[in-house]
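Geometric and topological summary
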Amino acid sequence: EVNVNPQTVVVNSEGNLLYVSSLGNYADIAPKLEVVNLSDGSVHSTSYSGVSEIARGADDTLYILCGGYDSSWNPLPGTVYAHNMALNSGKGVFSEIKFEKAYKISADSRTGNVFVTASDYKTNGDVYVLDRSGKLLSKFDSRGLNPVKALFL
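Model, not experiment: these values are computed from the prediction. (Residues numbered from 1 in each chain as written. Predicted model: local features only at pLDDT ≥ 70, side-chain atom pairs only at ≥ 80, totals over all residues. Heavy atoms only, no water.)

Some remarks on the overall build of the chain
Of the regular secondary structure elements, the chain holds zero helices and 12 strands. Ordered by position in the sequence, the α and β elements of the chain form the string β-β-β-β-β-β-β-β-β-β-β-β. What you see for the chain is a C-alpha radius of gyration of 15 Å, in line with the 15 Å of a compact globule of 153 residues. With the C-alpha coordinates of the chain rotated into their principal frame, the extents come out at 45 × 40 × 25 Å. (Helix = DSSP H or I, 4+ residues; strand = E, 2+ residues; numbered from the N terminus. Rg over C-alpha atoms; globule rule 2.2 N^0.38 Å.)

Let's talk about the layout of surface pockets
When its volume is computed, the largest pocket comes out at roughly 720 Å³. In this structure, the largest pocket is lined by 33 residues; those nearest its centre are Pro31, Ser52, Gly67, Gly68 and Tyr69. Residues that form the lining of the largest pocket fall into these classes: 18 nonpolar, 10 polar and five charged. (1 Å grid on protein atoms, 1.4 Å probe; cavity = no way out; pocket = protein on both sides within 12 Å on 5 of 7 lines; lining within 4 Å. Points joined across faces, edges and corners; volume = space filled by probe spheres on them. Nonpolar A, V, L, I, M, F, W, Y, C, P; charged D, E, K, R; others polar.)

Examining the sheet that holds strand S4 (residues 43-45)
Overall, antiparallel pairing links the four strands, which are arranged S1-S2-S3-S4 in an open sheet. Two strands in the sheet have a free side with no partner beyond their single neighbour: strand S1 (6-11) and S4. Between one strand and the next, the sheet's axes are offset by a mean angle of 25°, whatever the strand orientation. Pairing analysis gives six bridges linking strand S2 (residues 17-22) to strand S3 (residues 32-37), with the strands arranged antiparallel. If you follow Leu18 over to S3, its bridge partner there is Val36. (Pairing = 2+ DSSP bridges. Axes fitted to C-alpha atoms, helices over the stretch in contact; angles between N-to-C directions.)

Remarks on the environment of Lys104
Tracing the backbone shows Lys104 in strand S9 (residues 102-107). Look at Lys104 and you get buried, because its relative accessible area is 15%. For the pair Lys104 and Glu14, spaced 90 residues apart in sequence, the C-alpha separation works out to 26 Å. If near-sequence neighbours (up to four positions away) are discounted, Lys104 is found in contact with Gln7, Glu53, Leu65, Phe115, Val116, Thr117, Pro147 and Val148. In this structure the side chain of Lys104 is engaged in a polar contact, spanning 3.4 Å, whose partner is the side chain of Gln7. (Buried < 20%, exposed > 50% of the residue type's maximum accessible area, 1.4 Å probe, protein only. Contact = heavy atoms within 4.5 Å. Polar contact = N/O pair within 3.5 Å; in protein donor to acceptor, adjacent residues only side chain to side chain.)

Considerations on the side chain of Ser21
Position of Ser21 relative to the elements: it lies in strand S2. Apart from residues lying up to four places away in sequence, Ser21 is in contact with Pro6, Gln7, Thr8, Lys32, Leu33, Val51 and Ile54.

Regarding the nonpolar core
Grouped together as the largest cluster of nonpolar side chains are 14 residues, with contacts concentrated most on Tyr63, Val80, Phe94, Ile105, Val114 and Val116. For this core, the secondary-structure elements that each account for two or more residues are strand S6 (61-66), strand S7 (79-84), S9, strand S10 (114-118) and strand S11 (126-130). In terms of residue count, S10 provides more of this core than any other element does, three residues in total. Judged by nonpolar contacts, the second largest core, of 12 residues, contains Leu17, Leu33, Tyr48 and Cys66. (Core = buried A, V, L, I, M, F, W, Y, C linked by side-chain atoms within 4.5 Å.)

In structure tokens, the structure reads:
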């Protein structure tokens, strides 16, 4: 059993660990990132707080977008962390950029690029493109509200 309101599920390359991000209940149960060991069914919480989204990238790296809202529902700046799924250990802050109104995250496993979207639910969102080291490559207007995913063809 995992936290309430599970949202995104990612499996590591060995197929033995399942990462589950959940949104909690928006009141007294916080969002979490949990790891399910598929060998024995055990569930372990990670130390990341304010988890809003996860994405699998290149080299068995899990990118974790943390942010959320304060007690008055004002968006908090988003931070992206990198987590090594092969070792099941944190690699630290992926990018020093504090993403205002961070919304979603996607990763291209071929190029290693990471895409962070930002939204205020009222105006066109932005898309930030980061390279595999966390450096900002570009930022552009999504031309729509609430950009959810970057698709890789």
